[in-house]
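Architecture and fold: a report
Here are the chains, one letter per residue:
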Amino acid sequence: MNEQISPTESHPLTAGVAGQGQINTVQEEYYGDWLAGQDHLIDGLLSALILVPVEGTLVQAATLENTSQYFYQLMDIALEQVDSDQPQVASLGSSEQGEVFALVYPLRDTNSEMIALIAMAVGVSREQDLHRALAVLQWSVAGIEVVDYQHRLQQLSQDQHGIAERVDILARVMAEPDYPSAAVRLVTELAVLFNCDRVSLGEYKHNRSRLKHLSHSTQFGKRMNLVRCIEQVMDESLDQGQSIRFPQPDATAGEVVLAHRNLSEQQGDACVLSIPLYLHGEAHGALVLEGNPDVPFTDEQAELCQSIASLVMPALEDKRLNDRPLWRKCADSAGLQLSRLLGAGYLGRKLIVLGLLALTAFLYTATGPYRLSAEARINSAIQRAVVAPYDGYIESATARAGDEVEAGQVLIHLDDRDLRLERLKWLSEKAKLNRQYQEALSVRDRAKINIISAQQSQVDAQLELVTGQLARAQLTAPFDGLVVSGDLSQRLGSAVSKGEELLAVSPLHRYRIHMLVKESRIADVALEQSGTLHLSALPETPFEFTLSKITPLTEARDGATYFIVEGELLSGADQLQPGMEGIAKISIDERKLIDIWSRETLEWLRLRLWAWWG
């Protein structure tokens, strides 16, 4: 009878390559029977072995004639062909029956994953025997494929069944209306699933566990000895960071099980299984299962319980957090943020908070000059209008807007021909009256003398009027200055009316600033305040000024109301021209920077609040 080596007894040649592992007992028996069947099918079979992958390593599933002199050579050749995809043939030497060959057959699935590695040492006397042995091997490996597929199907079915159980428990737990009901439902479902006498759920807080829920029960005494024992079991499991079974299946296991033994003895040698629970990488609590003393918990049950807890606990924790009252949520959130701020880690958050504190301290302590911005325009200090003294016609014009003029310079000459003729008329009338006056005086006609005297006075007045009009026919500059408006060079010969403004003259280098201040800021403005003006035409040159007048006049612009404020320039008037515009900043006082920057917003809020609730 062929000797078979257990898959856990790896040959020294395979150490470090074919690791220790376990295979299904049914598979192990089939592999042994299969090799025994090959001994009858293949003539000259001297030795054989089957290697199968278990948990990522190759282990011996079955051997045939492992005491043969060719077995170790066969093992070496098989390990060398682990990565091969095709059957390999190698010579092992000669024997009495002829040549001995090693047949290595890698059996792979459709995804090129290793199913089994079959190696045989076959003695043949001719080449046809070798071909026949290889053909028989190729036909026979189909049985191994069937066994592998059956094993995978069974494993898949078990996995699907386990997933269905997990999802089913999750659905039943989440269907509960609140957290306490959901937690009790979880431990009750686990008790039914694993046929336990009792399942306990505890919460880990402040470095100790506290029992919160028991299966099939919503109330339990806080001072019961059983509760303390269960909490000690939870602490023991969490301290070691692994699930613990008692009684232990391996007598050499290194877990500390003092609390587990105590609980088991109190409950009539019950089997105890503890599962530590973690959330977000931190200890959250533990599960303790107490079962039948005659049916110990298995590794599969411990793994299934651990996976169910890992699936359900995040959803259960979300339900607990959502069930908290609003004040508790706010307090917990504030405590969490405070612990993150004052505890370890979260460097970016700490830097941001320190930066905000520093900025707040700066804003509430730092002060700066408060300056009020206003649109500004340069106007002349005074303007003298040059108007038509009477109805007439323009004969000539020697100046227009933009020209500098001197005092007494003739600016406009009106046509005076009609005035000269009228003057001659009144001179002739005066000579006539003088002759009549002499005649009346010679005859001593007192009445006629009085009448002629009155007529002479009337003629003298008319002569003075005409002479004055002739003198005013030449319009001159009232002072040294600049013509700021008017251009009569295009109106020569046109008629003008008495009092019509023809030109406007302002004195040189005498200006005032016309500023528009918002009505919401007019209370900050006072006479004699200083400021700085920057003009669009001269943006690089500042002009200092003082406020000289605050007028009650207002101007509406862009939906806002502005007061007109006047300022007096202190220097730099030589570079200015009337009509220049820019921005003026009036220095008010020293204030906190936060008050300066937030004033507009705060005042708007006060007005809105007053409008809504005032």
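Scroll up for the structure.
Attention in this report is confined to the structure presented alongside it. (Residues numbered from 1 in each chain as written. Predicted model: local features only at pLDDT ≥ 70, side-chain atom pairs only at ≥ 80, totals over all residues. Heavy atoms only, no water.)

1. A closer look at the sheet that holds strand β6 (residues 198–205)
Taken together, 5 strands build an open sheet; the order of strands is β7-β6-β10-β9-β8 and the sheet is antiparallel. Pairing within the sheet leaves two strands with one partner each, and these edge strands are β7 (208–214) and β8 (244–246). On average, each strand axis in the sheet is tilted by 20° relative to the strand beside it, whichever way the strands run. As defined by bridge partners, strand β9 (residues 271–279) adjoins strand β10 (residues 282–291) across 9 bridges and the pair is classed as antiparallel. The partner of Leu 279 across the bridge, within β10, is Glu 282. (Pairing = 2+ DSSP bridges. Helix = DSSP H or I, 4+ residues; strand = E, 2+ residues; numbered from the N terminus. Axes fitted to C-alpha atoms, helices over the stretch in contact; angles between N-to-C directions.)

2. Quick word on the sheet that holds strand β12 (residues 384–387)
Across the sheet, which stays open at both edges, the 4 strands sit in the order β12-β19-β17-β14 with antiparallel pairing between neighbours. Of all strands in the sheet, those with a lone pairing partner are β12 and β14 (404–405), marking the two edges. Pairing geometry for β12 and strand β19 (residues 501–507), over 4 bridges, is antiparallel. Following the sheet pairing, Ala 385 is matched in β19 by Ala 504.

3. Concerning the pattern of salt bridges
If you walk through the whole model with that rule in mind, you get 21 salt bridges. The residue Asp 332 makes a salt bridge to Arg 328 at a minimum N-O spacing of 3.2 Å. Taken together, the positions of Asp 332 and Arg 328, both in helix α8 (residues 326–342) and 4 residues apart, correspond to about one turn of that helix. A salt bridge links Asp 460 to Lys 430, with the shortest nitrogen-to-oxygen separation between them at 3.5 Å. (Salt bridge = Lys/Arg side-chain N within 4 Å of Asp/Glu carboxyl O.)

4. Some points on the pairing of strand β15 (residues 410–414)
The element β15 is extensively covered by neighbouring structure, given that 4 of its 5 residues are classed as buried. Pairing between strand β13 (residues 392–397) and β15: 3 bridges, direction antiparallel. Counterpart to Ala 397 in the pairing with β15 is Ile 412. Sheet topology note: the β15/strand β16 (residues 474–476) ladder contains 3 bridges and is antiparallel. Along β16, the bridge assignment pairs Ile 412 with Leu 475. (Buried < 20%, exposed > 50% of the residue type's maximum accessible area, 1.4 Å probe, protein only.)

5. Quick notes on unusual backbone geometry
Only a minority of non-glycine residues have a phi that is not negative, and only a minority of peptide bonds are not trans. Following Phe 246, the chain continues to Pro 247 via a peptide bond in cis, the omega torsion being 0°. Mapping Pro 247 onto the fold places it in the loop between β8 and α6 (258–266). Positive phi values are uncommon outside glycine, yet His 280 reaches one of about 55°. The residue Asp 558 is not glycine, and still its phi comes out positive at about 55°. Among the secondary structure elements, Asp 558 is positioned in the loop between β22 (542–557) and β23 (560–569).

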